[in-house]
Amino acid sequence: MTTVTNRPASAGPSAPKKALIERLSIITGLLLGIVGAVLAWYLARTFLPVNTDGSYIKTRMDQEVFIAMIGWFVGFMTGIGALIGPFRWLLGKDLTHDETLFYAGKDQGVKRYFRYTTDHKVVGIQYLVITMVIFFVGGVLAMLIRTNLGHAGGNWLQPQTYNTVVGLHGITMVVGAIIMITGPFGNFIMPIMIGARDMAFPRLNALSFWLVVAAVPPLLSSIWLGGIPTGWSAYNPLENQAPPGMDGFIMAICIFAISTMVAGANITATAVKMRAKGMTWNRTPIFIYGVVASVALALPVFPVFFLSQVLSGLDRATGSTFFDVRGGGSPWLYENLFWIMGHPEVYVILIPALAALMEMAPVFTRRPLFSFNLAIMGIAGISGLSVLVWAHHLYVSGWAPLLNGPFMLTTELISIPTGMLFLVLIGTLWRGRVWITLPTAAIYAVLFNFTIGGITGIYLSDVSADAALHGSIFVTAHFHYTLMGAGLTSAIGALVYWFPKMTGRMFDKKLGWTAFWITQVGFNIAFMGMFMVGLAGQPRRVGAISAFYDKGNSITTMGAYIIMTGMLVLLHGVVVSWVWGTKATQNPWFAKSLEWSVAYPVPLENFDVLPVVTEDAYGYGKAQS
Amino acid sequence: MSVDHAHTAHHEHPDAVGSRNRLGVVLILVADIAFALSVLFVYFYLRQQNVNGLWLPKASDTAAATTPVAVAGAWYVTIIAALGLVTHRYALLGARAKNQTQLKLGSLLALVASVVALAYQVILMNGTSFTITMGAYASCYFLIAGLNVMHLLFTVFIALGNWNRSRLGIYVADHWHVDIVNVWWIWMTVSSLFGAFALSFK
Amino acid sequence: MSELETTQRPSWWKRSDAKKAIFLWVIFTAIIGYTASIIQSRAMGSPASENMSNTINMVKIFTWAAAPVAGLVAALTITTLLGQRHFGDNPPPEAEHEIRNSPRVAATWVVVSTLLCLFAVIYGMVLVQADENKLRTANPINIDVTGQQWVWNFKYVDNGGAQSADLYLPVNKPVLFHVTSTDVMHSFWIVQMGIKVDANPGYVTETGTTPNKIGVYDLRCAELCGLYHAYMQKKVHVVSQADYDAWVQNQGGNA
């Protein structure tokens, strides 16, 4: 393994030791990653035995692709410096104080953003940028889909290309949405908000981010390896049939699942152990609850996703038969494993998004959060129930018809804690002084979109209505209302809210409002049209439509182009504001949570003197006499 | 401006650092436990479904019937892992009692146990009468054994580090590392027990 | 804090913002319920089986049950916007109260949402059970359906095992489909009859209905199944019993 080369250097005297750390960056990561991939591929090509046992699906090509990708993974993580810590531990030469400071990115300027930097603020910015890149890619793919469906007949894209575009759009957007709150704001804002100097495990923090980066090349390589014609759910046995591009998908999911696990453990431990003196659970901001619930929920469910992809990969590369009925496997097993992750995952996305809104609502209404306890109950209730609802994705699979009733019950019960969060938000707006800003607008927009997304979910949760609607594009419209209309809109609100703390500048108001209105209008046009054709019976994931659905699809495509315009304005706004925006004051929103008590740029360890908390962050409003 | 306060991290009490690290490891173990339980789910689901009667394929013209492995082997792995746990526990008690000799000896024994368990598990996998392609049971067997191998590889790494660090006298002052490694040893033993338990149902 | 609220203020319904909200609530509920249910029933088309008419009815009833909820959210949020808005870079003065909780409101909210939820569950269960019972008590025509990339095959088991790539059904006769697949997963979906079940390799799944209108309907694959998933469609012909018998005999079966 390439890691061995590190050892003589790191075991040497102290000057070259430090030099090695200094030399590692994304460039060495990419170099070693490529070298590792090519070397592994060459070795596999040369030494792998020829496949003679005539199993159903195993191919040498898949084995070579997997081995090359593992080579990339090991090479990249070595080159970026992820292995130095563990090997130094093994050798009993723990990082010195200076080295730890170097890792934290001390005095490195812009370079620290391209290194294995442990400072949570650097990691937060890195996450913010990669989230936007991921959304950009996913958005381009979405536009390809909508352009293809712009008129009846479709087929502007080849069917295989179309299916790949659908799958890649799905997985990039899901990954982007999972990290969009807990990545940038969970890392940058959360430790300051709880009055900590850094995350509990700074090196794991860097690891979680660079794992996301390491997952990108395998995923993108699938485009050149035949694509992923399965959608993001990658159902077997279709996954077995797919070209080697599928291996890239599997590898990317596995790496991303590890990243999620690492981040989950880190963020949870930080919130539990690192809160400032006096910050009891009653005084902990609701955003912290949301972030912790999200990552703590991901902790037990993503390994199941990981397992499902490991088994798919084994089926493809070694000829095992976990999902292949010709060898005693079961496609239902895959569906169960996938959705045990798949449904909690949407709450992994939504809970922190709504928590961010609940955090902002008191600031912009100048009154306390309405019913903090109800908010916590809602978050806990959603998290708890969400692991018990997965089989509503399997109502029509024939998997276990007798379980449809119980799963309908759990699914619909989840509307109760969700309703609590609605009450908290509305209650906070009620009789407040509504300060009209972009984050405020995001709260209203989310309440609007999420009402639609939530109610359409009730139709889908009903077994007999689901028999008509399952697999139709109605479902697609439903989850876009929840994940995009509610989730992404919250994230944009949160971005504008915390932008001054993260970049030192205010978000450009004019561009922000323009983008907001264009995207919201376009969004509702696009997905209302999609609801219509879905009710009328258009299946999901089809690359060609009959003339009957022409009108609805044209409307949706039009709406999609409007969204695109709005998103480009937003992106422009981010760049313009970040570079040329008006300098922000320390606390532009006059908020009371701890992150606003430090100036920009936030110093390396956040606080000169650790704060002591005596009350919660929602002490707005004055007592009525 | 932060320079003056950069040292504060070092003023943290080792117990605070230890308890934070312990929580982190337990949280990561939550993920690994979920993974191992899902593996059990895969095993029992496929066994119960027995799709096309191919959980254990009967003899055909081209292939002999798949016969399940003797489950004793899986239990031996668990027993060796448990021995590793006991020896590591012995080392931990040594560290707590400031007995460096006991710490070093226990760590070394634990390292040996992990290597032996790993080697034995690999031998078992090579000794099966079937390959991974021969039916759902065969696939599941290699999944469970493979999970053991992964866990044991990791255990060897940790046990090696733990022994090396004990040898270098790093645990004279504080020994929360040794405590945390103990947590891992417990889970290692339990996960191997899960596997042996599943394989007891053919 | 809640004591403050209850003892010192006029009854909540006498306050002007509450009046506004209630007024808007009624209006929004009517508008949302009416437009949504009209649009939904138009989009879902005319049903060709009782399953589908039940489903359409249920969607409408759910919509009318959900309209007050959506209407309430809309009314409350819009009322807050009608009140004390504030623009500019500096914050508005603090709100004139610091109410942190209202157990009464919270309890009412939770109880009402629980009742709505239970209504949806019970109604749903009753409907599923009714469909199930109908299927089990009737004496249906059995048809084996096999999906493969990217066509459907039908075997008319009760008609001498005639096989065809076309789906013909007699009107007003219960039919039970035994669905499987030879390769990947498909999903057997007759749009206007509101039934759907996955076609899994290695398993046989069942669904059934009673077509109640002569006509031509749509059969689609509802599970992504590879290259030509979009084209895995077929027409379903619901014909009179006499036409059905003739057609089956034509296919080499017996009536």
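All values derive from a computational prediction rather than experimental measurement.

The rules behind each value
- Residues numbered from 1 in each chain as written.
- Chains lettered and ligands numbered in written order.
- Predicted model: local features only at pLDDT ≥ 70, side-chain atom pairs only at ≥ 80, totals over all residues.
- Helix = DSSP H or I, 4+ residues; strand = E, 2+ residues; numbered from the N terminus.
- Rg over C-alpha atoms; globule rule 2.2 N^0.38 Å.
- Buried ≥ 20, exposed ≤ 12 C-beta atoms within 10 Å, placed from the backbone.
- Contact = placed C-beta atoms within 7 Å.
- Axes fitted to C-alpha atoms, helices over the stretch in contact; angles between N-to-C directions.
- Parallel < 35°, antiparallel > 145°, perpendicular 65-115°, else oblique.
- Left-handed = near helix turned anticlockwise from the far one by under 90°.
- Nonpolar A, V, L, I, M, F, W, Y, C, P; charged D, E, K, R; others polar.
- Pairing = 2+ DSSP bridges.
- pLDDT = per-residue confidence, 0-100.
- Domains from an automatic or database assignment.
- Core = buried A, V, L, I, M, F, W, Y, C linked by C-beta atoms within 7 Å.

Topic: the overall build of chain C
Right, so step 1: From N to C terminus, chain C includes five helices and eleven strands.
Right, so step 2: Against the globule reference of 18 Å for 255 residues, chain C gives a C-alpha radius of gyration of 27 Å, more extended than a compact globule.
Right, so step 3: Along the first, second and third principal axes, the C-alpha set of chain C runs to 85 × 40 × 30 Å.
Right, so step 4: Taking all 255 residues of chain C together, the buried fraction comes to 38%.
Right, so step 5: Long-range pairs, those at least 24 residues apart, make up 69% of the contacts in chain C with a sequence separation of at least 6.

Topic: the environment of B:Phe41
Right, so step 1: Here B:Phe41 shows up in helix H2 (residues 14–49).
Right, so step 2: When the C-alpha positions of B:Phe41 and B:Ala198 are compared, they lie 9.6 Å apart, and in sequence the two are 157 residues distant.

Quick word on the packing of helix H12 (residues 245–273) of chain A against H2(B)
Right, so step 1: Closest axis-to-axis distance for the H12(A)/H2(B) pair is 9 Å, and the angle between their directions is 140 degrees. Classed by the angle they form, the pair H12(A) and H2(B) counts as oblique. Where H12(A) crosses over H2(B), the handedness of that crossing is right-handed. Residue-level contacts link A:Met261, A:Gly264, A:Ala265, A:Asn266, A:Thr268, A:Ala269, A:Val272 and A:Lys273 of H12(A) to B:Arg20, B:Leu23, B:Gly24, B:Leu27, B:Ile28 and B:Ala31 of H2(B).
Right, so step 2: Here the residues of the contact of H12(A) with H2(B) are counted per class, giving eight nonpolar, four polar and two charged.

Description of the pairing of strand S6 (residues 175–181) of chain C
Residue and element names in this part refer to chain C.
Right, so step 1: Among the seven residues in S6, five count as buried, and that is most of the element.
Right, so step 2: The pairing of strand S2 (residues 141–148) with S6 spans seven bridges and is classified as parallel. Directly across from Gly147, in S6, lies its bridge partner Ser181.
Right, so step 3: Bridge count between S6 and strand S9 (residues 205–209): five bridges; the pairing is antiparallel. When the bridges of S9 are listed, Phe177 appears paired with Thr207.

Focus on the confidence of the model for chain C
All names here are of chain C.
Right, so step 1: Per-residue confidence for chain C averages 90 on the pLDDT scale, and 96% of its residues sit at or above 70.
Right, so step 2: In the model, residues 1–6 has pLDDT below 50 throughout and makes eight contacts with residues more than four positions away in sequence or in other chains.
Right, so step 3: Interface predicted TM-score (ipTM) for the complex: 0.93; the corresponding pTM is 0.93.

Points about the domain arrangement of chain A
Residues and elements named next belong to chain A.
Right, so step 1: Entries for chain A in the domain assignment read domain 1 (1–117) and domain 2 (118–586).
Right, so step 2: Computed over C-alpha atoms, the centres of domain 1 and domain 2 are 30 Å apart.
Right, so step 3: Contacts between the two partners involve 24 residues from domain 1 and, on the opposite side, 29 residues from domain 2.
Right, so step 4: With eleven residues, the single largest contributor to the side of domain 1 that touches domain 2 is helix H4 (residues 60–80).
Right, so step 5: Among the residues making up the side of domain 1 that touches domain 2, the classes are represented as 16 nonpolar, five polar and three charged.

Looking at the interface of chain A and chain C
Frequently, the measure chosen for interface size is the accessible area removed from exposure when the parts meet.
Right, so step 1: At the junction of the two partners, chain A supplies 74 residues and chain C supplies 77 residues.
Right, so step 2: Of the residues that constitute the side of chain A that touches chain C, the class distribution is 43 nonpolar, 23 polar and eight charged.
Right, so step 3: As paired elements, strand S1 (residues 434–435) of chain A and strand S1 (residues 85–86) of chain C share two bridges and run parallel to each other. Bridge pairing links A:Trp435 to C:His86 in S1(C).

Description of the interface of chain B and chain A
Right, so step 1: Facing 41 residues of chain B, the contacting portion of chain A comprises 42 residues.
Right, so step 2: The element that contributes the greatest number of residues to the side of chain B that touches chain A is H2(B), accounting for 15 residues.
Right, so step 3: Tallied by class, the residues present in the side of chain B that touches chain A amount to 24 nonpolar, 15 polar and two charged.

Here's the deal with the confidence of the model for chain A
Right, so step 1: The predicted model of chain A has a mean per-residue pLDDT of 91, with 95% of residues at 70 or higher.
Right, so step 2: The low-confidence segment residues 1–17 of chain A (pLDDT under 50) makes 23 contacts with residues lying over four places distant or belonging to another chain.

Considerations on the sheet that holds strand S3 (residues 151–156) of chain C
Residues and elements named next belong to chain C.
Right, so step 1: Across the sheet, five strands lie side by side as S4-S3-S2-S6-S9; this open sheet has mixed pairing. Either end of the sheet is taken by a strand with one partner, and the two such strands are strand S4 (162–164) and S9. Going from strand to strand, the sheet's axes swing by 25 degrees on average, the running direction of each strand aside.

Overview of the sheet that holds strand S7 (residues 186–190) of chain C
All names here are of chain C.
Right, so step 1: Spatial strand order, S5-S11-S10-S7-S8: five strands in an open sheet with mixed pairing. Every other strand in the sheet has two partners, leaving strand S5 (167–170) and strand S8 (195–199) as the edge strands with one partner each. Ignoring which end each strand starts from, the neighbouring axes of this sheet average 25 degrees apart.
Right, so step 2: Here helix H5 (residues 241–250) sits on the sheet and contacts S5 and strand S11 (233–239); the angle it forms with S5, its principal contact strand, is near 140 degrees.

Section: the packing of H2(B) against helix H5 (residues 135–167) of chain B
Residues and elements named next belong to chain B.
Right, so step 1: For the pair H2 and H5, interaxial distance at closest approach is 10 Å and the crossing angle is 165 degrees. Considered as vectors, H2 and H5 are oriented roughly antiparallel to each other. The hand of the H2/H5 crossing is left-handed. Of the residues in H5, those touching H2 at Ala36, Val39, Val42, Tyr43 and Leu46 are Ala136, Cys140, Leu143, Ile144 and Leu147.
Right, so step 2: By residue class, the composition of the contact of H2 with H5 is ten nonpolar, no polar and no charged.

Structural notes on the nonpolar core
Right, so step 1: Formed by 344 residues in total, the largest nonpolar core has its most connected members in A:Ile255, A:Ala355, A:Leu357, A:Met358, A:Val424, A:Leu425 and B:Ile144.
Right, so step 2: For this core, the element with the most residues is helix H14 (residues 331–365) of chain A, which contributes 23 residues.
Right, so step 3: Sequence-distant contacts of A:Leu357, defined by excluding residues within four places in its chain, comprise A:Leu425, A:Ala442, A:Ile443, A:Val446, A:Ser490 and A:Gly493.

Comments concerning the domain arrangement of chain C
Residues and elements named next belong to chain C.
Right, so step 1: The domain architecture assigned to chain C consists of domain 1 (2–83 + 101–136) and domain 2 (139–250).
Right, so step 2: Relative placement of domain 1 and domain 2: their C-alpha centres are 37 Å apart.
Right, so step 3: Per element, the largest residue contribution to the side of domain 1 that touches domain 2 is four residues, and it comes from helix H3 (residues 50–82).
Right, so step 4: Its residues assigned to classes, the side of domain 1 that touches domain 2 shows four nonpolar, four polar and one charged.

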